[in-house]
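# Tertiary structure, described
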Amino acid sequence: PRACAPADSGPWHRAALTASPVTATLGDLPPRARIPAEEAGLAGVWCVPVHVTDHLPPAVLSVWRTDTSPPLLGHQMGLELQARYVQLAIQKWIEHQRLVHIAGHDGLTGVANRANFRERLAEAIAIGEADLAVAFCDLDAFKPINDTHGHHVGDQVLVQVADRLRSSLRVGDDLARIGGDEFTVLMRSVPDADAARPLAERMLAATADPFVVDGFELRIGLSIGIALITPDVT
């Protein structure tokens, strides 16, 4: 089990640090790994580092053995080949995750986009989540910023707006940008309007202070409309 392989000790840790294969017996293992290995009838492990790019965490291919013999030359060649396959699989998985993130997130602010928000909302409704609400947020006096200072400044204001809104939300609330200066928030645990009001006030307070971009102090307003999602009554 993964929980039995400490990330900060053991032969796999040495293999990752040294970027060299390590052969170990049960006596070389931390107790948390040695005990389940003994119970499984294992006697040793070969650890082969997987060379990944700099921005990825180190990876190690572990081959558990029922004897303590080290790998022969043929084994070593096979392990190196398998490590390359693992490297390719990791890189493809990372690239897939990157593309999934891009498809579901706004390229400017990094929050969810319209399609992602609709999927999350539909999923929450489909599984029967109760006490849901959607806040529709529109920035007031944003167009004059673009007209006066240019879209570069306007984009930076949008990034700051997203950061402030995100910091004002609770754990579990989902923020999305659905248009040029429009944001939505999927709120959870909001049974009625009284529960929604403090959340709206927090978002208003978060955007009340001026936004400073390129030495300009810019003020915008925020209009919020909240729709409570109630289950159908039959």
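For the structure, see preceding data.
Everything in this summary refers to the structure shown in the same document. Every chain's residues receive numbers from 1 upward, in the order its sequence appears when written. Totals for whole chains, interfaces and linings use every residue, but because this is a predicted model, local features are given only for residues with pLDDT of at least 70 and side-chain atom pairs only at 80 or more, for both listing and counting. No hydrogens and no water enter the side-chain calculation; it runs on all heavy atoms of the structure.

## Focus on the overall build of the protein chain
Helix numbering and strand numbering both begin at the N terminus, where a helix is a DSSP run of H or I of at least 4 residues and a strand a DSSP run of E of at least 2. In terms of regular secondary structure, the protein chain is built from seven helices and nine strands. Against the compact-globule benchmark of 17 Å for 234 residues, the protein chain has a radius of gyration of 26 Å, which places it well outside the compact range. Its C-alpha atoms give the protein chain principal-axis dimensions of about 75 × 55 × 25 Å. Going through the 234 residues of the protein chain one by one, you find that 35% of them count as buried. Pairs at least 24 apart in sequence give 58% of the contacts found in the protein chain among residues at least 6 apart. Within these notes, the globule rule equals 2.2 Å times the number of residues to the 0.38 power, and the radius of gyration is based on C-alpha atoms. Partly exposed residues are those whose accessible area sits between 20% and 50% of the maximum for their type, while under 20% is buried and over 50% is exposed, using a 1.4 Å probe and protein chains only. Here a residue-residue contact requires only that any non-hydrogen atoms of the pair lie within 4.5 Å.

## Examining helix α4 (residues 114-126)
The α-helix winds at 3.6 residues per turn, so residues separated by three or four positions along the chain end up facing the same way. Across its 13 residues, α4 extends 18 Å between first and last C-alpha, which sits within 8% of the 18 Å expected from 1.5 Å per residue. Next to the buried residues of α4 lie α3 (73-104), β4 (132-140), β5 (174-177), β6 (182-187) and β9 (221-229). A positive phi of about 80 degrees marks G128, the residue just after α4. A helix is expected to span 1.5 Å for every residue after the first.

## Examining the packing of aromatic side chains
In this analysis, rings of Phe, Tyr and Trp, with Trp reduced to its six-membered ring, are considered paired at centre separations within 6.5 Å, and the interplanar angle assigns stacked below 30 degrees, edge-to-face beyond 60, and tilted for intermediate values. A complete count under the given rule lists one aromatic pair for this structure. The side chain of R164 reaches across the aromatic face of F211, ending 3.8 Å from its centre. In our convention, an over-ring charge means Lys NZ or Arg CZ found within 6 Å of a ring centre and within 35 degrees of that ring's normal.

## Details of the packing of helix α6 (residues 151-168) against helix α7 (residues 193-206)
The angle between two axes is taken between their N-to-C directions and runs from 0 to 180 degrees, where each axis is a line fitted to C-alpha atoms and a helix contributes only its stretch in contact. Between α6 and α7, whose axes approach to 9 Å, the crossing angle comes to 145 degrees. In terms of crossing hand, the pair formed by α6 and α7 is right-handed. Residues R164, L165 and S168 of α6 lie in contact with α7, whose contacting residues are R202, M203 and A206. Of the residues assigned to the contact of α6 with α7, the class counts are three nonpolar, one polar and two charged. Handedness of each helix crossing follows the sense of rotation of the near helix against the far helix: counterclockwise by less than a right angle gives left-handed, clockwise gives right-handed. In this classification, Asp, Glu, Lys and Arg are treated as charged, Ala, Val, Leu, Ile, Met, Phe, Trp, Tyr, Cys and Pro as nonpolar, and every other residue, Gly included, as polar.

## Quick word on the sheet that holds β4
Here a strand pair is declared whenever DSSP counts at least two bridges between the two strands. Pairing is antiparallel across the open sheet formed by four strands, whose spatial order is β5-β6-β4-β9. Each edge of the open sheet carries a strand with a single partner, namely β5 and β9. Across the sheet, the mean angle separating the axes of adjacent strands is 20 degrees when strand polarity is ignored. With six bridges connecting them, β4 and β6 associate as antiparallel partners. Considered in β6, the bridge of A135 is made with V185.

## So, the environment of V22
When you line up the elements, V22 lands in strand β1 (residues 22-25). Linking V22 and P70, residues 48 residues apart in sequence, is a C-alpha distance of 9.2 Å. Excluding residues that lie within four positions of it along the chain, V22 makes contacts with P11, R14, A15, V45, W46 and C47.

## Observations regarding empty space enclosed by the protein
Grid spacing is 1 Å over the protein atoms alone, the probe is 1.4 Å, and a cavity is where that probe fits but cannot get out, while a pocket is an open set with protein on both sides within 12 Å along at least five of seven lines and lining residues have an atom within 4 Å of a point. Grid points are joined across faces, edges and corners, and a volume is the space filled by probe spheres set on the points. For the structure on display, the rule yields one cavity of 30 Å³ or more. Looking at the largest cavity, its volume works out to about 40 Å³. Lining the largest cavity, in full, are S168, L169, R170, D173, M187, L199, R202 and M203. When residues of the lining of the largest cavity are assigned to their parent elements, the largest contribution, three residues, is made by α7. Its residues assigned to classes, the lining of the largest cavity comprises four nonpolar, one polar and three charged.

## Observations regarding the sheet that holds strand β3 (residues 59-65)
The strands that make up a sheet pair up through hydrogen bonds in the backbone, lying either parallel or antiparallel. Taken in spatial order, the three strands line up as β1-β2-β3 in an open sheet, and their pairing is antiparallel. In the strand order of this sheet, the two ends are held by β1 and β3, each with one partner. On average, adjacent strands in this sheet sit at an angle of 20 degrees to one another, irrespective of strand direction. Relative to β3, strand β2 (residues 44-50) runs antiparallel, the two sharing seven bridges. Looking at β3, one finds that V50 is bridged to A59.

## Notes on the environment of P57
Looking at the element boundaries, P57 is found in the loop between β2 and β3. On the basis of relative accessible area, P57 is assigned to the exposed category, the value being 60%. C-alpha of P57 to C-alpha of A19: the two residues are 38 residues apart in sequence and 13 Å apart in space.

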